[in-house]
Amino acid sequence: MSKETSIIGKWESVGNEVRPNPWGGNYFLHRYFHNTETEAHGTLVFYTDDAYTDKNITVEVIGPYQFLQPSASVEGATETDFEFSKIAVTPHSQTMVEMLNGMPADYLKTWEANVRQEVSKAGQGIMGMVIGEYKEYDLTKVDGDLLYYGERPTDGSAPDTAAKRATSLQVPLKKVSDFSVKL
């Protein structure tokens, strides 16, 4: 199986994940990806608690990806760039509603809890991710039924420049026939 076809399919977190956030705390996260031959569709569900019972925000990103070259840092991994052609966000907590309403855009409605909004036109964005401008510089590696993406920056930011491309891998996703929850 080639690297071009090996990431195709549905992938889900093998367990609950913890990541640092930019404010010095942690994100509690569960990831779901559905990759086709041309696009990656990622759904990231963030929780406010380590019991993963209180949803904070759901972020969906869809867009094309491009395999570049073998990674010089991680054996068997490939440098892979992801662009976003659609971004959707659903705030679940009042804290996220207030944060998003503090970043107004004339093409978005006032944010409400559990109400999804999406952007898909060039120049529009949510939370710093702008369609047609934003790219993530990542790594991908498939090992059997496990898909690895590059480790996220330790400061909680995104790998949005080539200099921030990962040099290690994060917790893998497991290939599934269907997701464990309805998305």
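Keep in mind that what you see is a predicted model, and the values were worked out from it rather than measured. (Residues numbered from 1 in each chain as written. Predicted model: local features only at pLDDT ≥ 70, side-chain atom pairs only at ≥ 80, totals over all residues. Heavy atoms only, no water.)

Before going further, it helps to examine the overall build of the protein chain. Within the protein chain one finds two helices and 13 strands. Expected size for 183 residues packed as a compact globule is a radius of gyration near 16 Å; at 16 Å, the protein chain falls within 12% of this value. For the protein chain, the spread of C-alpha atoms along the three principal axes comes to 45 × 35 × 30 Å. Long-range contacts, defined here as pairs at least 24 residues apart, represent 54% of the contacts in the protein chain between residues at least 6 apart. Taken as a whole, the protein chain presents about 9,700 Å² of accessible surface, with 49% of it coming from carbon and sulfur. Once the 17 positive and 26 negative side-chain charges of the protein chain are each reduced to a mean point, those two points are 4 Å apart. (Helix = DSSP H or I, 4+ residues; strand = E, 2+ residues; numbered from the N terminus. Rg over C-alpha atoms; globule rule 2.2 N^0.38 Å. Contact = heavy atoms within 4.5 Å. Areas by Shrake-Rupley, 256 points an atom, 1.4 Å probe, with all protein chains shown as cover. Lys, Arg positive; Asp, Glu negative; His and termini not counted. Charge placed at Lys NZ, Arg CZ, Asp CG, Glu CD.)

This part covers the nonpolar core. Ranked by internal contacts, the top residues of the largest apolar core, which has 30 residues, are Ile-57, Phe-84, Ile-87, Val-89, Trp-111, Ile-126 and Met-129. Counting residues per element, the ones that place at least two in this core are β3 (26-35), β4 (39-47), β5 (55-70), β7 (86-91), α2 (94-101) and β12 (146-149). If you tally residues by element for this core, the top one is β5, at five residues. With residues near it in sequence (within four places) discarded, Ile-57 still touches Leu-44, Val-45, Phe-46, Val-89, Thr-90, Pro-91, His-92, Met-96, Leu-100 and Met-127. In terms of nonpolar packing, the next biggest core, distinct from the first, is built from six residues, Phe-28, Tyr-32, Val-45 and Tyr-47 among them. (Core = buried A, V, L, I, M, F, W, Y, C linked by side-chain atoms within 4.5 Å. Buried < 20%, exposed > 50% of the residue type's maximum accessible area, 1.4 Å probe, protein only.)

Moving on, we get to unusual backbone geometry. A positive phi is found at Tyr-52, a non-glycine position, where the angle reads about 60°. Assignment of secondary structure puts Tyr-52 in the loop between β4 and β5. What makes Tyr-52 buried here is its relative accessible area of 13%. Phi at Asn-114 is positive, roughly 65°, even though this residue is not glycine. Here Asn-114 lies in the loop between α2 and β8 (117-119).

It is worth spelling out the pairing of strand β6 (residues 78-83) at this point. Buried residues dominate β6, accounting for five of its six residues. As defined by bridge partners, β5 adjoins β6 across four bridges and the pair is classed as antiparallel. Paired with Tyr-65 across the bridge in β6 is Phe-82. Across six bridges, β6 lies against strand β11 (residues 135-143) in antiparallel orientation. (Pairing = 2+ DSSP bridges.)

Here we come to the environment of Ser-85. Considering the arrangement of structural elements, one finds Ser-85 in the loop between β6 and β7. Apart from residues no more than four positions distant in its own chain, Ser-85 is found in contact with Glu-39, Ile-62, Gly-63, Pro-64, Val-119, Ser-120 and Ile-131.

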